[in-house]
Structure formats: structure tokens, C-alpha cells
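What follows is each chain in one-letter form.
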Amino acid sequence: MVRHTQRLSLRMPEDRDLAFVTSLFARPELVAHRPDPTPDSPEESARRLSRDRAHWRVHGFGRWTIEAEGRPIGFGGVTVSKEFEGLNLSYHLHPDCWGRGYATELVKEALAFSRDDLLAERVIGLVRPVNVASRRVLEKCGFDFEREVMLHGAPTHLLSCRTTRVSSNIVE
């Protein structure tokens, strides 16, 4: 199943995405905020794609391959968090696509999917303190800073968003 936003197509990752995943995670600017900012090897990228595909098999959802204008531009969506309460929202966009509003568009769709399809009440986002742009995107979409946590040996900001709908109190 493919989901669509105004400019994006969101689909389950496939084996054919391996070349894109490998080139994406080999970019130094994409991995700059990791505790170890070493770009992924082709083998690490293959394992990353395999983990994403396995999450889909086990849970029926996961991070999407993000396409714009018919070509992959990134990966993102929600996954089951093993460490924190709620679904974990994450995304990685090709640096050539930064600053175009794609991240905001993706996050809004991931929140709608979490609320409407998965009936999730809470989504979290984990952002390194120096990644101001990603934190801004999450805050723009309704996330609030909750606390600092240690993730992979580095301080990380945990932001959260309640996805429950506000019911109207219309009296007839």
C-alpha cells in the first residue's frame, strides 16, 4: 500500500532500495549527529534495510521509502520503540532535499497514520541537541520537549506528541 501527501509517496521499503540506502547513509552530513559520525558501510546499509523490512513483516508498518517526483529521497515513519513508551518517529532525507518542507510533510502524515490507522496515543522523536533543524520540524508538528536521555552513549532530546483526537461536545 502506498500513502500519498501533497508531494510525497510513502511506500514499504523493498530490496530495490538498497543502492539508494547505501548512497544515502554514506553521506557524511547525514550521519554528522551520531555519536560515531562514520558513514555506514554497504554492509551496514544492507542490515539497516533488512531491519526496516523485518519491522514491516512483524508489525505490518514501519519506516517508509519516501519518494518525490518518482524517485527515492529518504526513509522515515514510525516504528515500535523498544526503549520508550510510544511509537518512535524517525526520518532521514537526502541532503539535496533539506529545507524544502519534506520533513514537515512526512511528520504530519506519520502522525495522522499513527492516530488514524494505528490508534496510537503517543509518538516520540529522539533528536541530538545539535540537530536544531530536526527539533524545529518536530515542534512545528506538535511535539514538546519531554526530557534528555542517553541514546547510544550520547545525550539526546526526547520529544513527544499526543495523537489522540479532541472530541467535540456538540449538543443537539
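Located above this text is the structure these notes cover.
Quick caveat: nothing in here was measured; it's all calculated off a predicted structure. (Residues numbered from 1 in each chain as written. Predicted model: local features only at pLDDT ≥ 70, side-chain atom pairs only at ≥ 80, totals over all residues. Heavy atoms only, no water.)

Q: Break down the environment of Val80 for me, with residues and values.
A: Examined against the element boundaries, Val80 turns out to sit in strand β4 (residues 71-80). Beyond its immediate sequence surroundings of up to four residues, Val80 is in contact with His55, His59, Phe61 and Leu87. (Helix = DSSP H or I, 4+ residues; strand = E, 2+ residues; numbered from the N terminus. Contact = heavy atoms within 4.5 Å.)

Q: Help me get a handle on the sheet that holds strand β7 (residues 144-151), residues and values and all.
A: Taking strand neighbours across the sheet as the criterion, the 8 strands line up as β1-β2-β3-β4-β5-β6-β8-β7 in an open arrangement whose pairing is mixed. A strand with exactly one partner marks an edge of an open sheet, and here the two such strands are β1 (3-4) and β7. The strands touched by helix α3 (residues 102-116) within the sheet are β1, β2 (8-11), β3 (63-68), β4, β5 (87-93), β6 (122-127) and β8 (154-162), with β5 carrying the most contacts at an inclination of about 155 degrees. (Pairing = 2+ DSSP bridges. Axes fitted to C-alpha atoms, helices over the stretch in contact; angles between N-to-C directions.)

Q: Which residues make up helix α4 (residues 132-140), and what values go with them?
A: Within α4, burial applies to Ser134, Val137 and Leu138. Seen from one end, α4 has its buried residues packed into an arc of 95 degrees, which puts them on one side. In α4, the exposed positions angled more than 90 degrees off the buried face are occupied by Arg136 and Lys140. Of the residues flanking the end of α4, it is Gly142, one or two places downstream, whose phi is positive at about 105 degrees. (Buried < 20%, exposed > 50% of the residue type's maximum accessible area, 1.4 Å probe, protein only. Arc of directions from axis to C-beta.)

Q: A description of the packing of aromatic side chains should follow, citing residues and the corresponding values.
A: The relation between two aromatic rings is expressed through the spacing of the ring centres and the mutual angle of the planes. Within this structure, the stated rule accounts for 3 aromatic pairs. Each ring, one from Trp64 and one from Phe113, has its centre 5.4 Å from the other, and the planes form 65 degrees; the classification is edge-to-face. Taken as a pair, Trp64 in strand β3 and Phe113 in helix α3 lie far apart in primary sequence, 49 residues in all. According to the relative accessible area criterion, Phe113 is buried, its value standing at 9%. Each member of the aromatic cluster is reached from another via a ring pair, and the members are Phe61, Trp64 and Phe113. The ring of Phe25 has Arg48 lying over it, and the distance from NZ or CZ to the ring centre is 3.8 Å. (Phe/Tyr/Trp six-rings, centres within 6.5 Å; stacked < 30°, edge-to-face > 60°. Lys NZ or Arg CZ within 6 Å of the ring centre and 35° of its normal.)

Q: I'd love a proper account of helix α2 (residues 42-59), names of residues and values included.
A: When the terminal C-alpha atoms of α2 are compared, their 26 Å separation across 18 residues agrees well with the 26 Å that a helix rising 1.5 Å per residue should span. All of the buried residues along α2 are Ser45, Arg48, Leu49, Asp52, His55 and Trp56. Angular distribution of buried residues about the axis of α2 spans 115 degrees; they occupy a single face of the element. Exposed residues pointing more than 90 degrees away from the buried face of α2 are listed as Arg51, Arg57 and Val58. Those residues of α2 that are buried lie in contact with α1 (18-24), β3 and β4. Directly after α2, the chain includes Gly60, whose backbone phi takes a positive value near 80 degrees. (Expected span 1.5 Å × (residues − 1).)

Q: Any chance you could break down the pairing of β7 for me, citing the residues and the numbers?
A: Both β7 and β8 contribute to a ladder of 7 bridges, which runs antiparallel. From the neighbouring strand, Phe145 faces β8, where its bridge partner is Leu159. Once β7 ends, the chain turns through 2 residues before running back antiparallel as β8, passing His152 with a positive phi of about 55 degrees.

Q: Account for the packing of α3 against α4, with residues named and values stated.
A: The relative placement of two packed helices is expressed as an angle between their axes plus a distance between the axes. Put simply, α3 and α4 touch, their axes get as near as 9 Å, and they point 45 degrees apart. Compared by their axis directions, α3 and α4 come out oblique. Where α3 crosses over α4, the handedness of that crossing is right-handed. Between α3 and α4, the contacting residues are Ala103, Thr104 and Val107 on the first element and Val137, Leu138 and Lys140 on the second. Split into classes, the residues belonging to the contact of α3 with α4 amount to 4 nonpolar, 1 polar and 1 charged. (Parallel < 35°, antiparallel > 145°, perpendicular 65-115°, else oblique. Left-handed = near helix turned anticlockwise from the far one by under 90°. Nonpolar A, V, L, I, M, F, W, Y, C, P; charged D, E, K, R; others polar.)

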